[in-house]
Each structure stands twice: as C-alpha cells, then as structure tokens.
Amino acid sequence: MTALDPTGPETPELSLAERAALGSGADFWTTKAVGPVPALTLTDGPHGVRLQAEDADHLGISASRPATCFPPAVGLGQSWDTELVSEVGRALGVESRALGVDVLLGPGVNIKRDPRCGRNFEYFSEDPQLTGTLATAWVRGLQSTGVGASLKHFAANNTEYDRMRSSSDVAARPLREIYLRAFQQVVQQAQPWTVMCSYNRINGTYASENRWLLTDVLRGEWGFDGAVVSDWGAVQDRVASVAAGLDLEMPGAGGTTDAQVVAAVEAGELDAASVNLAAARTAALAARGRAGRTLPVAPFDPAAHHALARRAAANSVVLLKNDPVEGAPVLPLTAGRPLAVLGAFAAAPRYQGGGSSHVNPTQVDVPLDEIRALAGNAEVTHAPGFTTDGTGDAAALRAEAVALAAAADTAVVFLGLAAHQESEGFDREDIELPREQLELLAEVIRVQPRTAVVLSHGGVLRLAPVTAAPALLDGALLGQAAGGALADVLFGRVNPSGRLTETAPVRLQDTPAYLDFPGEHSHVAYGEGLFVGYRWYDARDIEVSFPFGHGLSYTEFAYSDLELSADEEGISASVTVTNTGDRTGREVVQFYVSKPGSAVVRPLRELKGHATVTLDAGASERVTVLLPRAGLAYWDTRAERWIVEGGAYEVLAAASSRDPRATASIELVGDELDVPLTLDSTLGEVMSLPGAAETLTALLPFPQDTGDGDALGIDMARMMASIPVRRLVSFAGGAVTTADLEELLARLQS
Ligand code: GLC
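Note that the structure is predicted; figures quoted are calculated from it, not measured.

1. Considering the layout of surface pockets
To find leftover empty space, a probe the size of one water molecule is rolled over the atoms. What the largest pocket holds in volume is close to 850 Å³. If you go around the largest pocket, you meet 33 residues; those closest to its centre are Gln-129, Thr-133, Gln-185, Gln-189 and Pro-628. Elements that contribute at least two residues to the lining of the largest pocket include exactly helix H3 (82-98), helix H4 (128-143), helix H6 (181-190), strand E23 (606-615) and strand E24 (620-628). Tallied by class, the residues present in the lining of the largest pocket amount to 12 nonpolar, 12 polar and 9 charged. Each of two domains, domain 1 (16-52 + 64-292) and domain 3 (557-668), supplies a minimum of three residues to the lining of the largest pocket. Taken as a whole, the second largest pocket encloses approximately 460 Å³ of empty space. Surrounding the second largest pocket, 24 residues form its lining, Leu-552, Ser-553, Tyr-554, Thr-555 and Glu-556 being those nearest its centre.

The following block contains the structure:
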C-alpha cells in the first residue's frame, strides 16, 4: 500500500471533480471507473455471496445469483473454531472471485447487546474477545483469496429500531472495552481492506461524519490503512463525511454529492487534502481489487462447498441438555428404532436470516429427508404440528403430531422462529417461541418421555418452557446444510461440540438492556455500561437458563494441572484436557480472567482466550493459550489510554462462563499510570500522598478526631474525602489561596 500524501493527489492526473467522483459509487454495487482507476464490485456477505443480477437493493428483496449459504454468524460462531471459520472465509472468497466480486461486505462484529435486536443472527457474540477472534479468522480466510472484507458496522450499531438516526449513547469505557474492541482486534490483526461505517450516531454524531471515530481512532490509534465505506445510505452529509475521513459513499448518488464536494472545496469550506485522501484510498482499494483478481484461486465447486457448509454447521450445533430417560440418554438416536419427526421446520427448515445477508442457496438440505437417510429401516413419521403463519387448525395439527409421538420410540420436535419474526430492519418485542409451538411440545412430552427438541432461531429465546424436554439441541441458524448437519448430530455421526456465544436468560426482564432498549426519540442509552451479556448476569448473580460458553458433548472431559506463566506478551495458560468418555469429541477450553482488588469497576470475569481440542476416548492433551497482555487492559478515562493494572490476576480454565474446571493466580507488573493530582482532585485522592494528611487537614476549620473516637461520632476522613482541593479556599475563609494549594500539591508530588 503506497503511503498516502495528504498534501497532493495520489492520483495527480485527476482533476478535483474526478477525485470527488471517486468517493461515491457508480451505482448500487460498483464504484466508478475514473481515468486510470478501475471500477470495483462490492456485495453482501457475510455468510454467502448475494450478487444481484438485475434489480438491486440492500434488503435481500430482489433475486441474487445462486451461492452457498454457509451458517450465519449466530451459528458459525457457536463452533468457536477459528480454523473452520477461516476455511469458510476462504470458500466465500472463492465464490466471490467466481462471481466477479472484489469486496464482500462482512463480517458483522457488532456486539449482541440485547436479545431483541433483529440482526443478532448476523453477529458472533455478546463477548468482544470471541467476536474479534472469530472475525479475524474470517477476514484472513477471505482476503487470502484476493477478495477484500468490509468490517461492519462501525460502530455501536446494536439495534435495528430507528437505526438510521438513533444515537447510541455510550460511556467511554464500554465504548472502548466492549463496542469498539472487536473492530480494533480485527483491524490490527487482519487488516481488512475496508471498514463500513454504520447508520447510527455515536454520542450524537453520525458514524459517517464522525472524525474522532473514522480518523482519530480507526487510523490514528489503530493504524487502519484501507478505505472507509459507508453503509448503504448512511451518508447524511457527503461534505462532512469527506472531512471526517469517509472515503466511499455507497450506493452512488448519481454525481449529486460529488458536485457538493467540489463546490465546498471551491468555497473554501472543505480542505482539498481530504478529497485527495479519499480519492487516493479508493484508488488504492481499486488497485488492490484488481491485484486480487490475479491471485490463483480454486474454481468454485458447489458440492465441495456444500460439504464444508454441512461440516461447519455440524460443529456449530450446541447440545444444551441430554438427560437420561429410563436410564439412557435420548441422544444420539439409534438407527432402526421408530421415530416421529415433528414440527414445520423439519420439512421446511429455517436456516438463514432476512435482509441484506439473504442468500439464494445452491441447494437446501431438508432435515426430515436427511434423518430418514440415516434412520436405517425404521419407520420415520412426520407431522408439522403447527404452522408458522397462523393458518390451519392448531388443535388438529397438534393432535396429529401428538399421536405420532405416542406411537414412536422417540420424538424429535423442530421448533423455532419463522423468517417474519426476526430480521434486519426491525427488532423483536419479546424472546418467546410462538404459543402453538410450546403447546405442541408440552403435549408431546406428556405422551413421549423420549423427546428431543431442535431449535432454529437467530435471536436468543426464553428457553425455560422448552427445558421440560430431556434433550435439547440449539441449531441457531446453520445455513443451507442445516438439515444434514442436524441429522449427523442427532444420530451421533458428529459428536456435538458447539458452545453458546450468547447467554440464554430465564426472563427478558433479567437482561442487561431491558429498560434501555430500543431507545426513544432517536437516543438509546447504554445504561448497563460494561455489563453486557454474561458480564451482567455474573455481576448481579442472576440465574440463567444456559450460560455463555455452555455446550455438552456425547462424551465428557476433565481438566487438570492448570499452570500459568507471564511475560511481556501476556499470560500463558496451560491445562491438560482428558476425554473421560467413550467416544471421540471436541472440547472448547475457555479461559476467563478476573482482577481481584481492581482500582476500577470491572466485570467479575471476562473471556480472554480459548482453544479447541479433539480427543479420542481416554486421550489427554496439554492445551496452551496465550492471553494477550493488551486484552487484560482497561480503558483509563483520565489518561485516555489502555492500562494494565499491576497485581494478581485470577485465571479460570472453564467449560463455560459458569463451569470453572481449574483456577490459578499470577502476578503481573502494571503499566505506569501517573494521573497528576490537581486542584480538582479530591482530598480523598490527595490523602494517598505521603505527608498530605497532616498538611491538608491543618487547613480545615473542622473538628479533628481527638483520638478518643470522632467528635461527632462520624468518620471525618470519609466525610471530607469528596471535597475537591480547590474548595479549601472557601472552607479556610481566605487563610489559604489557590496559589498556596497549587504550591502544596507540587511539593507533595515532587
Ligand atoms: C444494509 C446493511 C449492510 C449491507 C448493506 C448493503 O443496509 O446494513 O450490512 O452490507 O446495506 O446491502
């Protein structure tokens, strides 16, 4: 990437008008070809290529070319498998190249702040470290094929309601430590070709014209060297956007905003250097795209990609519970035994979300067919049991399904949310499964104790009513091969190893943003601060249906011998994992870190690293993971930088955020943090300095502790602690001036 010259045009042969033209698309999906700068094609992602042949839209309405629909992030994220995610990224790159796409619009790394957000299916997790780690793998995989990524939606785009106007009002620490952190990790570890600014405002300023966000932080602090593209229709003011560091407005505005840019430069209202920078970055992106087209890449093999989609989906299924019935677990199923497969989704699977990410799949596995293919010579009956559009005779549909359940050896009930219940563009009002589905399940369980439930959904559900079933698989949304993958897991061809990336709450009322979502009058307050997801439930010791990181297996694992070491890179954690069961399985070993006695407010524990390991029955392996020092830092709002505190850190090796298997502690040397004490510091803050107490209290006209208990029966030191030093002038009745106090502070800090 050539160094950008902010003083002169990177593309000297172009006029101002031509450079302005480069900064806005030619149409819905392509950039302009201007002089020597070629055009590029961008399109959605993130879990399949959505290339529209004719009519164009950003909501998945018009038809697109067939492409593999891989598991959306809500599903793929449950694999916690960076190698698998990278493999999917590479496959998406192959298909992008085959369809002539230069930039695939993804991954989405917004944090799942509230389960009602209609777009959570497109995002990885409630945790920024897991999100950043998986998205980094995705970008590296995609870009290895010469196709660029577009890291989105930058930033704090955590609701669909009023998304093009609403201001995400977030305090500095949660903004840095939760909502920007995954973006920072991906930018610095995977160098995405583009970052897509979001629709919303952040603390009152549109992302598309937020210089602090797009230039000071993204480029100045993180070193991003690609192009910033707008979300489609996110530019509110093109001139202000160019000044803030937005390089490419999409879709193109037919040249209208190009003229505004030229006029603003000519009127002295916009610095030409900003236009030059945007043009240079768009030109550099075009050059990258052209170079990417020359990279040798495998031809697109739909069957091979479907097989990958099936493997990815199978490794993303979470076994939430598998209680024994009459002494034997319900899952895995035994081929040859009569089976009742119930629920509308068994014949018409829900496997992706609605909106701009909607893919036209190359093929779709039907769960019922795939189950029948693995069931041996057993009778496999089916009844829908309900409809997803409220039509039909609910009682009759239910009775038909219940009768089949009673007649079979085991019932498998497919439940979930229909496409119209959740999507990009709107949020849910609740997290409930439809009543008719819950009524069906209750009656099935009554007649058939051996019942397994399979869930298909993008946003988290209230699972309490479903946990009456002895076996429960969370299929989230698994892409076009969901049917085959679920059959593989149900029959044990694949041992489930997925883990929840979002907490399943007992009630919506227990959730962190319950009172602050989706906002009103175009503001949404992030009142929960740092405490999103499991950080919230753990801090408030709130019971959950299933915790972040939870997932069972058809085998079991034990952890032992956790050892820690530390150096300038961070904490290295090693633990031995043993498969104590009777079949091969994959374990997701999670490492959470606590900072006892922290000087700042912190969550009880935070995920700081993980590893996956596949072990045969009886086998053991020592797993070592680096927990990077940078990941242990908090954002200090006084120093306005990341700080790693000194002192003891507690590391948990765990099978979920609430299933610690081994714990150890280690001391770290902290970063220097000199927060100078000023006249606006309080007595409490200053008293920590040697010699401050006696000096300052002598200035106070208050009765001092006579040594035989407080004069007024109260703790004066605590009472005085919140007095800013500057105020002693008034309390001392003129006996001391601010100059005296400044000299005193200087002496105390010398
Ligand atoms: C949509 C989405 C964005 C998508 C773009 C193009 O509105 O917010 O994720 O990439 O527009 O379809």
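2. Describing empty space enclosed by the protein
Inspection of every chain in the model, using the stated rule, returns 8 cavities of 30 Å³ or more. Taken as a whole, the largest cavity encloses approximately 120 Å³ of empty space. In terms of lining, the largest cavity is formed by 15 residues, of which the most central are Gln-78, His-457, Val-460, Asp-474 and Leu-500. Its residues placed into classes, the lining of the largest cavity shows 7 nonpolar, 5 polar and 3 charged.

3. Details of the UniProt feature "domain: Fibronectin type III-like" (unreviewed entry) in the chain
According to UniProt, the feature "domain: Fibronectin type III-like" (unreviewed entry) maps to residues 587-657 in the numbering used here. Regarding residues 587-657, the helix share stands at 0% and the strand share at 58%, and the terminal C-alpha atoms are separated by 14 Å.

4. Brief notes about unusual backbone geometry
Put simply, Gly-106 and Pro-107 share a cis peptide bond, and its omega is 5 degrees. Counting through the fold element by element, Pro-107 comes out in the loop between strand E2 (103-105) and H4. With omega at -5 degrees, the peptide bond leading from Lys-152 into His-153 counts as cis. Position of His-153 relative to the elements: it lies in strand E3 (residues 148-154). Its identity is not glycine, yet Ala-156 carries a phi of approximately 55 degrees, on the positive side. We note that Gln-191 has phi near 50 degrees; this positive angle belongs to a residue other than glycine. As for its placement among the helices and strands, Gln-191 is situated in the loop between H6 and strand E5 (194-197). According to the relative accessible area criterion, Gln-191 is partly exposed, its value standing at 39%.

5. Describing the domain arrangement of the chain
Assigned domains of the chain: these are domain 1 (16-52 + 64-292), domain 2 (315-546), domain 3 (557-668) and domain 4 (683-749). Just the C-alpha atoms count here: the centres of domain 1 and domain 2 sit 32 Å apart. Taken together, the 61 residues of domain 1 in the interface contact 61 residues of domain 2. Here domain 1 packs against domain 2, burying approximately 4900 Å² in sum over the two surfaces, 53% of which is carbon and sulfur. A per-residue breakdown of the area domain 1 buries against domain 2 is headed by Gln-78, Arg-113 and Arg-116, which together make up 20% of the total. Across the domain 1-domain 2 interface, the total number found is 5 salt bridges. The partner of Lys-112 in a salt bridge is Glu-502, and the shortest N-O contact between them spans 3.9 Å. Summed over the shared surface of domain 1 and domain 2, the result is 43 residue pairs in polar contact (both at pLDDT 80 or more). When residues of the side of domain 1 that touches domain 2 are traced back to their parent elements, those giving at least two are helix H2 (73-76), H4, strand E4 (167-169) and helix H5 (172-179). If one sorts the elements of the side of domain 1 that touches domain 2 by residue count, H5 sits on top with 5 residues.

What counts and how
- Residues numbered from 1 in each chain as written.
- Predicted model: local features only at pLDDT ≥ 70, side-chain atom pairs only at ≥ 80, totals over all residues.
- Heavy atoms only, no water.
- 1 Å grid on protein atoms, 1.4 Å probe; cavity = no way out; pocket = protein on both sides within 12 Å on 5 of 7 lines; lining within 4 Å.
- Points joined across faces, edges and corners; volume = space filled by probe spheres on them.
- Helix = DSSP H or I, 4+ residues; strand = E, 2+ residues; numbered from the N terminus.
- Nonpolar A, V, L, I, M, F, W, Y, C, P; charged D, E, K, R; others polar.
- Domains from an automatic or database assignment.
- UniProt positions renumbered as here; feature names shortened; annotations may be inferred.
- Buried < 20%, exposed > 50% of the residue type's maximum accessible area, 1.4 Å probe, protein only.
- Contact = heavy atoms within 4.5 Å.
- Buried area = accessible area lost by both parts, 1.4 Å probe.
- Salt bridge = Lys/Arg side-chain N within 4 Å of Asp/Glu carboxyl O.
- Polar contact = N/O pair within 3.5 Å; in protein donor to acceptor, adjacent residues only side chain to side chain.

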